[in-house]
Amino acid sequence: MTPRVALVTGGARGIGAAIAARLSADGWRVVVADRDPAPGPARAVAADVADEAAVSALLQGIEETEGRLDALVCNAGFMIRKPIAELSLAEWSSVLATNLTSTFLLVRAAERLLRAAGGAVVTIASTRAHMSEPHTESYAASKGGLLALTHALSLSLGPAIRVNCISPGWIDTRGEPLTPQDHAQHPAGRVGRPEDVAAVAAWLLGAESRFVTGAEFIIDGGMTRKMIYI
Ligand SMILES: NC(=O)c1ccc[n+]([C@@H]2O[C@H](COP(=O)([O-])OP(=O)(O)OC[C@H]3O[C@@H](n4cnc5c(N)ncnc54)[C@H](O)[C@@H]3O)[C@@H](O)[C@H]2O)c1
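Read on for a plain summary of the structure.

About the cut-offs
Residues numbered from 1 in each chain as written. Predicted model: local features only at pLDDT ≥ 70, side-chain atom pairs only at ≥ 80, totals over all residues. Buried ≥ 20, exposed ≤ 12 C-beta atoms within 10 Å, placed from the backbone. Helix = DSSP H or I, 4+ residues; strand = E, 2+ residues; numbered from the N terminus. Pairing = 2+ DSSP bridges. Right-handed = clockwise from strand over helix to strand, strands pointing away. Axes fitted to C-alpha atoms, helices over the stretch in contact; angles between N-to-C directions. Contact = placed C-beta atoms within 7 Å. Near = placed C-beta within 6 Å. Nonpolar A, V, L, I, M, F, W, Y, C, P; charged D, E, K, R; others polar. Expected span 1.5 Å × (residues − 1). Core = buried A, V, L, I, M, F, W, Y, C linked by C-beta atoms within 7 Å. Parallel < 35°, antiparallel > 145°, perpendicular 65-115°, else oblique. Left-handed = near helix turned anticlockwise from the far one by under 90°.

## Remarks on the pairing of strand E5 (residues 120-124)
Each regular strand carries side chains that alternate between the two faces of the sheet.
No. 1: With respect to burial, E5 is a largely interior element, five of its five residues being buried.
No. 2: Going residue by residue along E5, you find Ala120, Val122 and Ile124 tucked away on one face and Val121 and Thr123 tucked away on the opposite face as well.
No. 3: Here four bridges tie strand E4 (residues 71-74) to E5, and the two strands are oriented parallel to one another. Residue pairing across strands places Leu72 opposite Val121, the latter belonging to E5.
No. 4: For the crossover that starts at E4, traverses helix H3 (residues 89-117) and ends in the parallel E5, the hand is right-handed.
No. 5: Both E5 and strand E6 (residues 162-168) contribute to a ladder of five bridges, which runs parallel. When the bridges of E6 are listed, Ile124 appears paired with Ile166.

## Some words on the sheet that holds strand E2 (residues 29-34)
No. 1: Overall, parallel pairing links the seven strands, which are arranged E3-E2-E1-E4-E5-E6-E7 in an open sheet. The open sheet is flanked by strand E3 (43-46) and strand E7 (216-219), the only strands paired with a single partner. Between one strand axis and the next, the sheet turns by 20° as a mean value, whatever way the strands run.
No. 2: The pairing of strand E1 (residues 5-9) with E4 spans three bridges and is classified as parallel. The residue bridging Leu7 from the neighbouring strand is Leu72, located in E4.
No. 3: Strands in contact with H3 are E1, E4 and E5; relative to E4, the strand with the most contacts, it is inclined by about 175°.

## Remarks on the site of the ligand
No. 1: The environment of the ligand is formed by 24 residues, the closest being Gly10, Gly14, Ile15, Gly77 and Ser126.
No. 2: Here the element with the most residues in the shell around the ligand is helix H1 (residues 14-25); it accounts for three residues.
No. 3: For the shell around the ligand, the per-class residue count stands at ten nonpolar, nine polar and five charged.

## Concerning helix H6 (residues 194-205)
No. 1: Helix length check: H6, at twelve residues, gives a terminal C-alpha distance of 17 Å against a target of 16 Å (1.5 Å per residue), a fit within 8%.
No. 2: Of all the positions in H6, only Pro194, Asp196, Val197, Ala198, Ala201, Ala202, Leu204 and Leu205 are classed as buried.
No. 3: At its buried positions, H6 is contacted by E1, H1, E4, E5, E6 and E7.

## Structural notes on the nonpolar core
No. 1: Ranked by size, the top nonpolar core spans 58 residues in total, and within it Ala6, Ile19, Leu72, Val73 and Ala201 carry the most contacts.
No. 2: Per element, the largest residue contribution to this core is eight residues, and it comes from H3.
No. 3: Leaving out residues up to four positions away in the same chain, Ile19 has contacts with Val8, Gly11, Val73, Asn75, Val197, Ala198 and Ala201.

## Here's the deal with the environment of Trp28
No. 1: Mapped onto the secondary structure, Trp28 falls in the loop between H1 and E2.
No. 2: With 22 C-beta atoms packed within 10 Å, Trp28 lands in the buried category.
No. 3: Note: C-alpha distance between Trp28 and Val95 (67 residues apart in sequence) is 30 Å.
No. 4: Residues in contact with Trp28, not counting those within four places in the same chain, are Pro3, Arg4, Val5, Ala6 and Leu23.

## Here we look at the packing of H1 against H6
No. 1: The interhelical angle for the contact between H1 and H6, taken along N-to-C directions, is 50°, at an axis separation of 8 Å. By the criterion of interaxial angle, the relationship of H1 to H6 is oblique. Both H1 and H6 take part in a crossing whose hand is right-handed. Note on element contacts: H6 touches H1 through Pro194, Glu195, Val197, Ala198, Ala199, Ala201 and Ala202, opposite Gly14, Ile15, Ala18, Ile19, Arg22 and Leu23.
No. 2: Considering only residue class, the contact of H1 with H6 consists of ten nonpolar, one polar and two charged.

Structure follows, in structure tokens:
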């Protein structure tokens, strides 16, 4: 049987790489699109997902090479942390383009293949869609928009295509030294790992979650449930 095919954006490192590795281990054929590709278990395509022509070419390449698409993981994203007085319009727009507009471009280009496969979409937002630190306006706005785009898409594309969102909290993607306090402040007792997000993504893309669409899954070790008064 032809294996199911998944496209993971921003899958060259971090959370996206963990999702690509998990899906590969589960028997999926995985295509990773990244503007800075790295070798891995997937077919790697160099693409900037904020670029309309690049996204069209990416999906055309999947149709020609893999011949089907069962899952789309919109994971590529980045943050600019700067006081709003210093944030240029070009910087604001670049964050919105990669973190939000890319999902519109990807879903629009992938809809036909996903419908044919009865597929699923997972978007990767952030707990910053709900809460903030100072100087993160463009990132917070992009992730709040992505959360709303996810539920809008679930209505427009269902029942053929399910669309869900994962909002990670603090996920250690770089193996930086972490203190005991970093871990202990989490109700779950530790900082998150990319594999924690990959496990939920794998479930959302599989048949066991077939009654789940338009939902947000907060994977943050409980941090957004914790009241803090100093
Ligand atoms: N790490 C966390 O704590 C955390 C928390 C909440 C949400 N997130 C979200 O999870 C996603 C992955 O984060 P991460 O920490 O693994 O990031 P990362 O920086 O480790 O990896 C992101 C990958 O996306 C790629 N990328 C960035 N812009 C791109 C573009 N325009 N086109 C194609 N590829 C692009 C990068 O080259 C990189 O390989 C992001 O959307 C991020 O906002 C991360």
